[in-house]
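An overview of the molecular structure
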Amino acid sequence: MGQPESREYRESEQSELPPGQRLQRGWPVTHYGPVPKFKSERWEFRVFGATADGDKHCWNHQDFSALPFSSVVADLHCVTKFSMIGAEWGGVLARTVLDLAPPAPDVTHVMVWAEYGFSSNLRLEDFAGERTLFATHKDGDLLTAEHGFPLRLVVPHLYAWKGPKWVRGVEYMTADRRGFWEERGYHNIGDPWSEQRYSYQEEPGDGPEL
């Protein structure tokens, strides 16, 4: 096997930042609410809602940890305007979850659920992106509790709030509805390259139908 790319090399290959962003050295801790306590015997990952077979699919921590492991080199762009470039994320691809628990044909969006009822909505095509990952590791190390251990979603092409920490499940939906921050004024899509930060910037079709 080849040697992993150095951080310096990865950053040099991705020097361009989305508009309004600044390069961040290190990884600040940003989240709403307390850090949950992880208890492996009580942890469960669920896929529910409009599944193809109509059933709920569940994995305990041991079984989820045994799913195929993948790694992706990707940036993280926070809506608070810092960008962390060229991190190596390790975990389970969202596509793996979609393969194991397929959505019904009419599913258009997902809601990613996390501890304390936190949620973030995504278009199905964003969730199914080839680099969307349920991360357990960053740069070869397990995530810390403050950064989302045991599981956080990474959606590299969207702002970081679209990838919640402490993920516990995914709901398949046949219509869009806003998640936690989207209900509180953040943009429904969250594309950093278009600087989609706030709901007042939304164009027709960006958000759920009223």
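Within each chain, residue numbers correspond to sequence positions counted from 1 in written order. Only residues with pLDDT of at least 70 are given local features in this predicted model, and only at 80 or more are side-chain atom pairs given and counted; all residues enter the totals for whole chains, interfaces and linings. No hydrogens and no water enter the side-chain calculation; it runs on all heavy atoms of the structure.

Topic: the sheet that holds strand S2 (residues 44-49)
Stated precisely, the cut-off is as follows: The pairing criterion is simple: DSSP has to find at least two bridges between the two strands. Numbered from the N terminus, helices here are DSSP runs of H or I no shorter than four residues, and strands are runs of E no shorter than two. Note on geometry: axes are C-alpha line fits, over the in-contact stretch for helices, and angles between N-to-C directions span 0 to 180 degrees.
Taken in spatial order, the 5 strands make up an open sheet running S3-S2-S11-S6-S7, and their pairing is mixed. With partners counted over all chains shown, the strands left at the sheet margins are strand S3 (57-60) and strand S7 (119-123), one partner each. Averaged over all neighbouring strand pairs, the angle between strand axes comes to 15 degrees, with direction disregarded. One ladder, built from 5 bridges, connects strand S6 (residues 109-114) with S7; its direction is antiparallel. Note that in S7 the partner of Val-110 across the bridge is Leu-122.

Things to note about the nonpolar core
Just so we agree on the cut-off: Only buried Ala, Val, Leu, Ile, Met, Phe, Trp, Tyr and Cys residues count toward a nonpolar core, and they belong to the same one when joined by side-chain atoms within 4.5 Å. Exposed residues in this analysis have more than 50% of their type's maximum accessible area, buried residues have under 20%, and partly exposed residues fall in between, with area computed by a 1.4 Å probe over protein chains only.
Of all hydrophobic cores here, the largest spans 28 residues; its most connected members are Phe-45, Phe-64, Phe-127, Phe-134 and Tyr-172. For this core, the elements supplying multiple residues, two or more each, are S2, helix H3 (94-100), S6, helix H4 (124-127) and strand S11 (167-173).

Focus on the UniProt feature "domain: Oxidoreductase molybdopterin-binding" (unreviewed entry) in the chain
What counts, and what does not: UniProt positions are given in the numbering used here, feature names are shortened, and annotations may be inferred rather than shown by experiment.
When the UniProt feature table is mapped to this numbering, "domain: Oxidoreductase molybdopterin-binding" (unreviewed entry) covers residues 33-181. Regarding residues 33-181, the helix share stands at 11% and the strand share at 40%, and the terminal C-alpha atoms are separated by 13 Å.

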